[in-house]
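An overview of the molecular structure
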Amino acid sequence: MTSAYISGTGFYLPERVVTNDELAAIMDTSDEWITARTGIKERRYAAPGQGTVDLAVPAVEQALEAAEVTVEQIGLIIFATSTPDYYAPGSGCLLQDRMGFGEIGALDIRVQCSGFLYGLSIADQYIRTGTLEHVLVVGAEVQSNAMDLSDEGRDTAVIFGDGAGAAVLSANEQGRGVLSTHLHSQGKYAQELWIGAASSYAKQRFNKEDIDAGRHWLKMNGKEVFKNAVVRFPEVIREALAANEIDISQVKLIVPHQANLRISQEVARRLKVPEELLYSNIERYGNTTAATVPIAMAEAVREGKIAPGDYVVLAAFGSGFTWAAALLKW
Ligand code: COA
């Protein structure tokens, strides 16, 4: 039986570090409030003129090198982002051209924070069926120029940052890799974490009224997101474990979407596992939406926290609402 394993990972963060104190200088917030509510101490912002694909390229180069796979060998590009370079075409196409991939499929997926896991699930199906041998999955975001950095936007702006992560999935016959993936959505919560502008319902998709009303900013009902996230994370992690008859005590590491440190702490409590079982780097990068899982996974690999044979759970929750998990035997 062919299965898909992660043959290489990579990540890239833009150089500019933005501390909580820097945000406190431009909006009514404080290091104390942000640290206590989210665990975030700093995040990265792309330089002016640095786009989503610019961040993705070094992450992808690293992942290809680690996998010892060339651009010519990749059979499909899956690009997860909620902040693409342009409204159209997708960032996957731009990456195809920029890095000289073959004239292969390039697919953008827009399921926000769950994007990398949805991408992993698609890649897994292509490899499992023997259709493709190597698939690239990328999560990359430039959110810093899409946030309301005024007092009105402070509840969301302090949370998000920019970054990119990538993984190469490759075929193997040893039973290594993705054991199962589990995807969910519940659109009734669409407006609890959303951007209401550039809408098909508007007379003109891009219009001054939307901008004047601030509908182009990401809006979040933080309490509703929190309440749902702390239920869905444990639920979908348990679903992945049950599908493979694996007990949580056998899991080496859970790599959750880095939404908020308090969410991860509450998830650990509900799963009755030590907080350390859930990987965290949110204090350094904030929430980079589709990029958090591949960045965290790549860092965990480099830190030696994941080794061949380990059971690893990846899990995400975010706008949509969407949520997902994958169980991997590394
Ligand atoms: N700095 C200082 N004060 C802020 C602030 C900021 N950045 N943002 C909001 N506040 C204020 C609010 O205006 C409110 O003031 P009030 O009491 O005078 O009305 C007060 O802090 C408390 O706000 P509240 O919304 O009750 O805080 P909270 O405890 O729910 O924390 C979040 C807010 C956003 C941190 C929290 O709801 C959360 O973590 N939600 C999940 C968000 C998330 O993970 N999103 C990513 C999903 S992928």
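Residues numbered from 1 in each chain as written. Predicted model: local features only at pLDDT ≥ 70, side-chain atom pairs only at ≥ 80, totals over all residues. Heavy atoms only, no water.

**Description of the domain arrangement of the protein chain**
Taken domain by domain, the protein chain comprises domain 1 (3–175) and domain 2 (179–329). Across the boundary between the two partners, domain 1 contributes 49 residues, which contact 48 residues of domain 2. For the pair domain 1 and domain 2, the two sides together bury roughly 3800 Å², of which 65% comes from carbon and sulfur. Where domain 1 meets domain 2, there are zero salt bridges. At the surface where domain 1 touches domain 2, the tally comes to 19 residue pairs in polar contact (both at pLDDT 80 or more). Those elements that place two or more of their residues in the side of domain 1 that touches domain 2 are β1 (3–12), α2 (31–38), β3 (42–45), α5 (115–128), β6 (134–141), α6 (154–157) and β7 (163–172). Sort the elements by how many residues they give to the side of domain 1 that touches domain 2 and α5 lands first, with seven residues. Residue composition of the side of domain 1 that touches domain 2, grouped by class: 21 nonpolar, 18 polar and 10 charged. (Domains from an automatic or database assignment. Contact = heavy atoms within 4.5 Å. Buried area = accessible area lost by both parts, 1.4 Å probe. Salt bridge = Lys/Arg side-chain N within 4 Å of Asp/Glu carboxyl O. Polar contact = N/O pair within 3.5 Å; in protein donor to acceptor, adjacent residues only side chain to side chain. Helix = DSSP H or I, 4+ residues; strand = E, 2+ residues; numbered from the N terminus. Nonpolar A, V, L, I, M, F, W, Y, C, P; charged D, E, K, R; others polar.)

**Here's the deal with the packing of helix α3 (residues 52–67) against helix α4 (residues 91–99)**
Between α3 and α4, whose axes approach to 10 Å, the crossing angle comes to 60°. As judged from the angle between their axes, α3 and α4 are oblique. The way α3 lies across α4 gives a crossing that is right-handed. Contacts between α3 and α4 pair V53, D54, A56, V57, V60, E61 and L64 from the former with S91, L94, L95, R98 and M99 from the latter. Classifying every residue of the contact of α3 with α4 gives eight nonpolar, one polar and three charged. (Axes fitted to C-alpha atoms, helices over the stretch in contact; angles between N-to-C directions. Parallel < 35°, antiparallel > 145°, perpendicular 65-115°, else oblique. Left-handed = near helix turned anticlockwise from the far one by under 90°.)

**Thoughts on the sheet that holds strand β11 (residues 251–256)**
An order of β8-β13-β12-β11 is seen for the four strands of this open sheet, with the pairing classed as mixed. Only two strands of the sheet have a single partner each, and these edge strands are β8 (177–185) and β11. Across the sheet, the mean angle separating the axes of adjacent strands is 15° when strand polarity is ignored. As judged from the eight bridges shared by strand β12 (residues 311–318) and strand β13 (residues 322–329), these two strands associate in the antiparallel manner. (Pairing = 2+ DSSP bridges.)

**Describing the nonpolar core**
Among the nonpolar cores identified, the biggest contains 43 residues, and I237 and I254 are the most heavily contacted of them. Counting residues per element, the ones that place at least two in this core are α8 (222–243), β11, α9 (261–271), β12 and β13. Summarising the domain contributions, this core has at least three residues from each of domain 1 (3–175) and domain 2 (179–329). Formed by 34 residues, the second largest nonpolar core is a distinct cluster that contains L117, Y118, A123 and A300. (Core = buried A, V, L, I, M, F, W, Y, C linked by side-chain atoms within 4.5 Å. Buried < 20%, exposed > 50% of the residue type's maximum accessible area, 1.4 Å probe, protein only.)

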